[in-house]
Amino acid sequence: MKKILEKSKRIILRFTENKDIDFVIKTESNPHNAPFIVPWTKQQHKDAFLNKDILHLIVDDKLTNKSVGYVILAGLKNPNHSIEFMRIVITKKKKGYGQETIGLIKKIAFEKFKAHRLWLDVKVKNHIAQRLYESQGFIKEGVLRECLLSNNKYDSLVIMSLLKNK
Ligand SMILES: CC(C)(COP(=O)(O)OP(=O)(O)OC[C@H]1O[C@@H](n2cnc3c(N)ncnc32)[C@H](O)[C@@H]1OP(=O)(O)O)[C@@H](O)C(=O)NCCC(=O)NCCS
């Protein structure tokens with residue numbers, strides 16, 4: 001039985017289970033997604049399912065019942081009420097699933113988990129994701145210059161956040 005956390009018009013957010021792991025790994029390694037994230041191993045994902053500080057969720061389309069992405073939130077127990085929106089990957093792009101998922105993530109973070117701050121980092125070159133976050137109210141706070149080393153190249157990260165009442 002799937003354990004649902006939130007629903008909206010078109011999507012369901014439910015807890016990721018072991019049987020979703022192949023979908024998650026395949027999605028993460030897809031060349032349309034891999035350059036924009038820092039992929040985890042199977043074991044890292046499985047550990048996250050059991051970690052009470054982390055929410056690992058699958059995005060399902062309500063109508064087709066098919067998975068269209070996944071998200072990870074971390075810091076549920078953060079003493080400063082600062083939750084990290086660690087990852088979002090949507091497989092069926094440009095159909096509004098990202099916007100709808102972030103709408104639910106804000107609800108989960110601020111209403112269910114009483115966050116004061118929801119923050120994320122995003123690669124400088126990931127303009128699509130940055131535009132999406134900005135359209136959802138996230139504010140750019142600054143840049144961590146060349147803080148990531150991947151494929152022998154340094155990448156910079158933009159830090160963005162949303163505060164409860166601002
Ligand atoms: C970034 C990402 C999550 C966005 O998800 P998405 O479901 O494609 O996002 P949406 O469809 O809600 O919105 C994206 C764009 O599609 C447009 N869009 C939404 N519905 C649309 C529709 N029905 N027809 C055409 N365009 C549409 C939006 O206006 C938006 O356009 P913009 O970039 O010009 O602002 C997705 O592209 C992804 O998984 N990327 C790879 C991983 C990644 O970058 N993750 C974030 C790491 S920080």
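Remember, it's a predicted structure, so these values are computed and weren't measured experimentally.

### Some remarks on the overall build of the protein
Part 1: Looking only at helices and strands, one finds four helices and eight strands in the protein.
Part 2: For the protein, the sequential pattern of α-helices and β-strands runs β-β-α-α-β-β-β-α-β-α-β-β.
Part 3: Rg of the C-alpha trace for the protein: 15 Å, near the compact-globule value of 15 Å for 166 residues, within the 12% margin.
Part 4: The buried share of the protein, reckoned over its 166 residues, is 27%.
Part 5: If you take every contact in the protein between residues at least 6 apart in sequence, the share linking residues at least 24 apart comes to 52%.

### Remarks on the nonpolar core
Part 1: Counting 32 residues, the largest nonpolar core has Val 59, Val 71 and Leu 73 as its most contacted members.
Part 2: Put simply, the parts of the chain that give this core at least two residues each are strand S2 (11–15), strand S3 (54–61), strand S4 (67–74), strand S5 (82–90), helix H3 (97–112), strand S6 (117–123) and strand S8 (153–163).
Part 3: Element by element, the count of residues in this core is highest for S5, at six residues.
Part 4: Discounting chain neighbours no more than four positions away, the residues touching Val 59 are Ile 11, Leu 13, Ser 67, Val 68, Gly 69, Tyr 70, Val 71, Ile 90, Tyr 97 and Thr 101.

### A few points about the environment of Asn 80
Part 1: If you trace the backbone, Asn 80 turns up in the loop between S4 and S5.
Part 2: When the C-alpha atoms of Asn 80 and Arg 117 are compared, they prove to be 8.4 Å apart, with 37 residues separating the residues in sequence.

### Here we look at the UniProt feature "domain: N-acetyltransferase" (unreviewed entry) in the protein
Part 1: Under the feature "domain: N-acetyltransferase" (unreviewed entry), the UniProt entry names residues 10–165.
Part 2: The distance separating the terminal C-alpha atoms of residues 10–165 is 26 Å; by composition the span is 28% helix and 38% strand.

Conventions and cut-offs
Residues numbered from 1 in each chain as written. Predicted model: local features only at pLDDT ≥ 70, side-chain atom pairs only at ≥ 80, totals over all residues. Helix = DSSP H or I, 4+ residues; strand = E, 2+ residues; numbered from the N terminus. Rg over C-alpha atoms; globule rule 2.2 N^0.38 Å. Buried ≥ 20, exposed ≤ 12 C-beta atoms within 10 Å, placed from the backbone. Contact = placed C-beta atoms within 7 Å. Core = buried A, V, L, I, M, F, W, Y, C linked by C-beta atoms within 7 Å. UniProt positions renumbered as here; feature names shortened; annotations may be inferred.

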